Amino acid sequence: MQPEQTLTDPSPDAGSADRAARRAVTVFPVLVLAAGALGLAAPGAFEGWGTNVPYLLGVVMFCMGLTMTPLDFQGVVKRPWAVALGLVAHYVIMPGLGWLIAHALGLSPQLAAGVILVGCAPSGTASNVVTYLARGDVALSVSVATVSTVLAPLITPPLTLLLAGEYLPVDAGSMVTDILKTVLLPVIAGLLVRLFLGRRLSRVLGALPWLSALTIAAIVTIVVAGSAAAIKSAAVLVLLAVVLHNGLGLALGYGAGKLSRLGPPASRAMAFEVGMQNSGLAASLATAHFSPLAALPAAVFSVWHNVSGALVAAWMSHRARRTLP
């Protein structure tokens, strides 16, 4: 659910897409929570659906590609230092926090690998919209999210191998292939379609957040259904791990921006680019390479980081308005 690239476009079509994006971000946590409840209540109805998760993720990433333009990559050239800092902060803070939290809470190997995999994923697909709602630096947010997604095949598998390999066997080579097929290729396909069709796609941009939200909800339903038997005993511990992971990521991301003197808007963007993860990708990889139980942290993260992101964005926006002359 990433129509973020339209957030700085003043055209009427972009404004409509922006409003749809904000509504989707608001409704999304409720939708995903309902999807998880459905998977928990009727797990048998979704038995054997796990093989569909990579294809569903491909739909989400194709929608993301449709919202992208070459302008998203210009920010990397204009502000390479800030984008590089965002990437380093994202791929150091969240994987490190995942490993520390897994050790501190004494998580089982499956759950520990799942938490670490969430930390090793690229930026979340709603981070740009939340940055916009927080009055943050949307251009920086878009650049970091775009580059972190493009680099995910090169960074996520080796990081997962390094940090989660002590818990479960990690086939990093196979994981690279899966990320290329489910993330990079759909994003590139969406970008090419956007380049060739251009303004003719403007009518459907407002629907993309909802399509992505519904698809991610379907992923959550399948993941929760696959591990329904273990959720009752592990739910509280997983929720604690997710809240700590996301909360510390938001705080440390904001702190990294402040320490680097990027300014308040850029610091707010850093908070969300570090603390919000592509949990759909983490769920897909965990289901394919570990187990449905290992995908549980990603499913919970998918709900929680949108709730926390909306709340923190509202707080940041309120503080920003108070500081205006």
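Residues numbered from 1 in each chain as written. Predicted model: local features only at pLDDT ≥ 70, side-chain atom pairs only at ≥ 80, totals over all residues. Heavy atoms only, no water.

A word on the overall build of the protein. Helices and strands together make up the secondary structure of the protein, namely 14 helices and 0 strands. Across the protein, helices and strands are ordered from the amino to the carboxyl terminus as α-α-α-α-α-α-α-α-α-α-α-α-α-α. Rg of the C-alpha trace for the protein: 18 Å, near the compact-globule value of 20 Å for 325 residues, within the 12% margin. Seen along its three principal axes, the alpha-carbon backbone of the protein occupies a region of about 50 × 45 × 35 Å. (Helix = DSSP H or I, 4+ residues; strand = E, 2+ residues; numbered from the N terminus. Rg over C-alpha atoms; globule rule 2.2 N^0.38 Å.)

Counting residues in hydrophobic clusters, the biggest one holds 66 residues, and the most contacted among them are Met61, Leu107, Leu117, Ile179 and Phe290. When neighbours within four sequence positions are excluded, leucine 107 is seen to be in contact with Ala102, Ala112, Val115, Leu237 and Ala241. Grouped together as the second largest cluster of nonpolar side chains are 9 residues, Ala126, Val130, Leu250 and Ala313 included. (Core = buried A, V, L, I, M, F, W, Y, C linked by side-chain atoms within 4.5 Å. Buried < 20%, exposed > 50% of the residue type's maximum accessible area, 1.4 Å probe, protein only. Contact = heavy atoms within 4.5 Å.)

Relative to the elements of secondary structure, histidine 289 occurs in helix H13 (residues 279-289). Of the polar contacts made by the side chain of histidine 289, one reaches the side chain of aspartate 178; its length is 2.6 Å. Dropping the residues within four chain positions of it, histidine 289 is found in contact with Asp171, Ser174, Met175 and Asp178. (Polar contact = N/O pair within 3.5 Å; in protein donor to acceptor, adjacent residues only side chain to side chain.)

So, about empty space enclosed by the protein. A water-sized probe rolled over the atoms picks out the places where empty space is left. Scanning the model with the defined rule gives 1 cavity of 30 Å³ or more in all. Around the largest cavity sit 14 residues that line it, and Thr125, Ile216, Gln277, Ser279 and His305 are the ones nearest its centre. When contributions to the lining of the largest cavity are tallied by element, the ones reaching two or more residues are helix H2 (53-66), H13 and helix H14 (296-323). Here the lining of the largest cavity takes 3 residues from H14, the largest share from any one element. The class makeup of the residues in the lining of the largest cavity is 5 nonpolar, 9 polar and no charged. (1 Å grid on protein atoms, 1.4 Å probe; cavity = no way out; pocket = protein on both sides within 12 Å on 5 of 7 lines; lining within 4 Å. Points joined across faces, edges and corners; volume = space filled by probe spheres on them. Nonpolar A, V, L, I, M, F, W, Y, C, P; charged D, E, K, R; others polar.)

At alanine 234, helix H11 (residues 228-259) is bent by approximately 70°, the largest bend along its length. Looking at the residues trailing H11, positive phi occurs at arginine 261, about 60°. (Bend = angle between axes of the 7 residues up to and from the residue.)

Here we take up a nonpolar patch on the surface. A surface patch of nonpolar side chains, about 590 Å² in accessible area, is lined by Leu185, Ile188, Leu192, Leu195, Phe196 and Leu197. Given a relative accessible area of 36%, leucine 197 falls into the partly exposed group. (Patch = residues over 30% accessible without salt bridge, like charges linked within 9 Å, V, L, I, M, F, W, Y side chains within 5 Å. Areas by Shrake-Rupley, 256 points an atom, 1.4 Å probe, with all protein chains shown as cover. Salt bridge = Lys/Arg side-chain N within 4 Å of Asp/Glu carboxyl O.)

Glancing now at the environment of glycine 247. Mapped onto the elements of the fold, glycine 247 is located in helix H11. Taking the relative accessible area as the measure of exposure, glycine 247 reaches 33% and is therefore partly exposed.

A few words on the layout of surface pockets. Taken as a whole, the second largest pocket holds about 380 Å³ of empty space. Around the second largest pocket sit 18 residues that line it, and Leu33, Gly36, Val224, Val300 and Val303 are the ones nearest its centre. Counting only elements with at least two residues in the lining of the second largest pocket, the list comes to helix H1 (12-41), helix H10 (208-226), H11 and H14. Counting residues per element, the lining of the second largest pocket draws most heavily on H14, at 6 residues.

Turning to the packing of aromatic side chains, a few remarks are in order. Within the structure shown, the criterion is met by 1 aromatic pair. Ring centres of phenylalanine 46 and tryptophan 49 lie 5.0 Å apart, and the angle between their planes is 85°; this geometry places the pair in the edge-to-face category. Residue phenylalanine 46 is classed as buried on the basis of its relative accessible area of 14%. (Phe/Tyr/Trp six-rings, centres within 6.5 Å; stacked < 30°, edge-to-face > 60°.)

Our focus in this paragraph is the packing of helix H4 (residues 80-104) against helix H7 (residues 138-164). One can describe the packing of H4 onto H7 by two numbers: an axis separation of 9 Å at closest approach and a directional angle of 40°. In terms of axis orientation, H4 runs oblique to H7. As H4 packs across H7, the resulting crossing turns out to be right-handed. Between H4, through Ala82, Val83, Gly86, Leu87, Tyr91, Pro95, Gly96 and Trp99, and H7, the contact on the second element is made entirely by Leu140, Ser143, Val144, Val147, Ser148, Leu151, Ala152, Ile155, Thr156, Leu159 and Leu163. Here the contact of H4 with H7 is composed, by residue class, of 14 nonpolar, 5 polar and no charged. (Axes fitted to C-alpha atoms, helices over the stretch in contact; angles between N-to-C directions. Parallel < 35°, antiparallel > 145°, perpendicular 65-115°, else oblique. Left-handed = near helix turned anticlockwise from the far one by under 90°.)

Take the pattern of salt bridges next. Scanning all chains against the criterion turns up 1 salt bridge. For aspartate 137, the salt bridge identified is with arginine 79, shortest N-O distance 2.8 Å. Placement of the pair is aspartate 137 in the loop between helix H6 (127-133) and H7 and arginine 79 in the loop between helix H3 (71-78) and H4, with a sequence separation of 58 residues. Among the residues examined, aspartate 137 registers a relative accessible area of 15% and is labelled buried. You can call arginine 79 partly exposed: its relative accessible area is 31%.

The next thing to look at is the packing of H2 against H13. In a packed pair of helices, the relevant descriptors are the angle between the two axes and the axis-to-axis distance. For the pair H2 and H13, the least separation of the axes is 9 Å and the interaxial angle reads 160°. Between H2 and H13, the angle falls in the class roughly antiparallel. As H2 packs across H13, the resulting crossing turns out to be left-handed. On H13, the residues touching Val53, Pro54 and Leu57 of H2 are Gly280, Leu281 and Ser284. Looking at the contact of H2 with H13 residue by residue, the class counts come to 4 nonpolar, 2 polar and no charged.

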